[in-house]
Amino acid sequence: MAVYVGVDLGATNIRAVVADSSAAILGSAMAETPRGPTGIAVTEAILDAIRAACGQAGVTPGTVTACGIGSIGPLDLAAGAVENPANLPDRIDRIPLTGPISKLLATEDVYLHNDTIAGVIGERFHSERNPDDMVYLTISSGIGAGVCVDGTVIAGWDGNAGEVGHMTLDPHGFMTCGCGHDGHWEAYCSGNNIPRYAERLHAEDPIETDLAFDDPAFSAASIFDLAGEDAFADHVIDQLGHWNAMGVANIIHAYAPLVINVGGAVALNNPNLVLDPIRDRLDEMVMTNIPEVNLTELGDDVVVKGAVASALTGGTGDRSKL
Ligand SMILES: [Zn+2]
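Conventions we followed
- Residues numbered from 1 in each chain as written.
- Predicted model: local features only at pLDDT ≥ 70, side-chain atom pairs only at ≥ 80, totals over all residues.
- Heavy atoms only, no water.
- Helix = DSSP H or I, 4+ residues; strand = E, 2+ residues; numbered from the N terminus.
- Rg over C-alpha atoms; globule rule 2.2 N^0.38 Å.
- Buried < 20%, exposed > 50% of the residue type's maximum accessible area, 1.4 Å probe, protein only.
- Contact = heavy atoms within 4.5 Å.
- Areas by Shrake-Rupley, 256 points an atom, 1.4 Å probe, with all protein chains shown as cover.
- Lys, Arg positive; Asp, Glu negative; His and termini not counted.
- Charge placed at Lys NZ, Arg CZ, Asp CG, Glu CD.
- Patch = residues over 30% accessible without salt bridge, like charges linked within 9 Å, V, L, I, M, F, W, Y side chains within 5 Å.
- Salt bridge = Lys/Arg side-chain N within 4 Å of Asp/Glu carboxyl O.
- Core = buried A, V, L, I, M, F, W, Y, C linked by side-chain atoms within 4.5 Å.
- Pairing = 2+ DSSP bridges.

(A) Region of interest: the overall build of the chain. Regarding its fold elements, the chain presents 10 helices and 13 strands. In terms of C-alpha radius of gyration, the chain reaches 20 Å, essentially the compact-globule figure of 20 Å for 322 residues. Overall, the C-alpha framework of the chain stretches about 60 × 45 × 35 Å when taken along its three principal axes. Counting all 322 residues of the chain, 54% fall into the buried class. Nonlocal contacts in the chain, meaning residues at least 24 apart in sequence, comprise 62% of its contacts between residues at least 6 apart. Carbon and sulfur atoms form 48% of the exposed surface of the chain, whose accessible area is close to 13,700 Å². Averaging the coordinates of the 15 positive side-chain charges in the chain and doing the same for the 43 negative ones gives two points 9 Å apart.

Listed below in structure tokens is the structure:
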């Protein structure tokens, strides 16, 4: 029996799964992503997770046919590694991936993608509706997209195509992004930045609100939880809808997708409050065809399922390549 490995390397957790040729999961393992001492510790933790998933599936790693990886970025595709990951401590400079995994699994067929590209590969493979032109958009601790145009998943020479969260939406640069530049989509609408943005909006216009900005537990969820009950929370959610719709409109004009499937914790936890304001605004922002905007049906598994789909289809998600 041919078996395949999928790996999801996130800033918080590592997941590895072993699947059969129909993508059914035979074994899985999860571990916290090490915060150091170096990137090698992260590589070792991934290899351990793969070994554990193989053990659960009852297969030896050396018999695996192919492996797909969906990873935090930025990637150095030529080297098969993550280079200076933005969301891990600075001491983690480089995380070798394809070389050590290829060695463990005794296969050259190891496909590395950033996590949103793995996402669109998963959507292409698993979704009922999977046209040749589709986008997977994540609104999570960061914002990014995986794009498929004319049946080709767009990676870019370095694997970093689709970093749409760093498109400039606000030329006035009211907010500064985690990447250091001003006015990026992610600086307003990612899970990490929504609380900062709300606080800045409130400093400009201090209307009464039940939100407790200086509570250490204050988070994006605190704002969404007060929807319909707190005028300021509603104002913030409306502003998020404005920026999200603008970002999605830019994606539509750039790539002409038929379907945009949205995932990531912010969207998954608040599907109507996040997606309806986008759908409602596209008519007045888009001059071309307006695609379907759906919540992903793959939930939190979209990256690891995309990684498996990549392993099964030579890195494409195209079911005709099975
Ligand atoms: Zn940025």
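(B) Examining a negative patch on the surface more closely. There is a patch of like negative charges on the surface, built from Glu208, Asp210, Asp225, Glu229 and Asp234. Within the secondary structure layout, Asp210 lies in the loop between helix H5 (194-204) and helix H6 (220-225). A relative accessible area of 62% places Asp210 in the exposed class.

(C) Structural context of the nonpolar core. Counting residues in each nonpolar core, the largest one holds 45 residues, and the members touching the most others are Leu137, Trp185 and Ile223. Top contributing element to this core by residue count: helix H7 (residues 231-255), with 10 residues. Filtering out sequence-adjacent residues up to four positions away, Ile223 remains in contact with Ile194, Pro195, Ala198, Leu211, Phe218, Ala233, Val236 and Ile237. Ranked by size, the runner-up nonpolar core spans 32 residues in total, among them Val3, Ile46, Val82 and Ile101.

(D) Geometry of the sheet that holds strand E7 (residues 94-96). Taken in spatial order, the three strands of this open sheet run E5-E6-E7, and their pairing is antiparallel. Both edges of this open sheet fall to strand E5 (75-76) and E7, since each of them pairs with a single strand only. Strand direction decides the pairing type here: E5 and strand E6 (residues 81-83), joined by two bridges, are antiparallel. Within E6, the position partnered with Leu75 by the bridge is Val82.

(E) Fine view of the pattern of salt bridges. Inspection of every chain in the model, using the stated rule, returns eight salt bridges. With a shortest N-O distance of 2.8 Å, Asp301 and Arg15 are connected by a salt bridge. Here Arg15 lies in strand E2 (residues 13-19) and Asp301 lies in the loop between strand E13 (292-295) and helix H10 (302-312), a separation of 286 residues in the sequence. The partner of Asp238 in a salt bridge is Arg281, and the shortest N-O contact between them spans 2.9 Å. Note that Asp238 is positioned in helix H7 and Arg281 in helix H9 (residues 271-285), a separation of 43 residues in sequence. When its relative accessible area of 39% is taken as the criterion, Asp238 is described as partly exposed.

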